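Working through the structure, step by step
The primary structure of each chain is shown beneath.
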Amino acid sequence: MNIDDVSGDLSAVLLTEEQITARIAQLASEIDRDYNGLQPLLVGILSGAVMVMADLSRMMRIHCEMDWMAISSYGSGVASSGVVRILKDLNTSVVGRHILIVEDIVDTGLTLSYLIENLKSRNPASIEVCAGFRKPDRARKEVKVKYLGFDIPSDFVVGYGLDYAGRYRNLRGLGILNPAVYS
């Protein structure tokens, strides 16, 4: 879906498809360099990270494995509930593995902080985070994001994996959702 297809639903376009693609390519190159010879396990967080994970992994030049987790802290609203639940766990053991968590967005940091602690308890060799986007003004818990696409404002955004009530995930860019859509 192109920005033009939903331009009436957006109050502003933050990032174009081209800007996002260029930055994901840079992140892939950094990951290739840092994980050369290690074959990391990319742990994508469903459902939002599908776009980031697909594009990132296809741009990487090193071998990697992939697995998925589903974590919930939002429900169908526009603000984090603060309660974290694992809806789908990994199928792969992480013992001794180099884990790269792939997230769509770091908002408050609460969900990601919980996930990092959960995975640390499983004895991986290392854990790092790659996130497409981060809202630094919303941080309630500091989380180190080694590979970051973009810092964005704390507005409610959609596109490139980010949704509102299941819609807009397939939007190729990133835009601020018009409050009239969710009021």
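Let me sum up the structure you'll find in this document. (Residues numbered from 1 in each chain as written. Predicted model: local features only at pLDDT ≥ 70, side-chain atom pairs only at ≥ 80, totals over all residues. Heavy atoms only, no water.)

1. Quick notes on the pattern of salt bridges
This is how the line gets drawn: Any Lys or Arg side-chain nitrogen found within 4 Å of a carboxyl oxygen on Asp or Glu counts as a salt bridge. In DSSP terms, a helix is any run of H or I states spanning at least four residues, a strand is any run of E spanning at least two, and both are numbered starting from the N terminus. Summary of the burial criterion: residues with accessible area below 20% of their type's maximum are buried, those above 50% are exposed, and those between are partly exposed, where the area comes from a 1.4 Å probe applied to protein chains only.
Inspection of the entire model under this criterion finds 13 salt bridges. Residue R97 pairs with E65 through a salt bridge whose shortest N-O separation is 3.2 Å. Residue R97 is found in the loop between β4 (85-88) and β5 (98-106), and its partner E65 is found in strand β3 (residues 65-72); the two are separated by 32 residues along the sequence. Judged by relative accessible area, which is 32%, E65 ranks as partly exposed. K144 is paired through a salt bridge with E128; the nearest N and O atoms lie 3.5 Å apart. Here the residue K144 occupies a position in the loop between β6 (126-134) and β7 (147-151), and E128 occupies one in strand β6, the gap between them amounting to 16 residues. A relative accessible area of 17% places E128 in the buried class. Three or more residues joined by partner-sharing salt bridges are found here, namely R33, D34 and K146.

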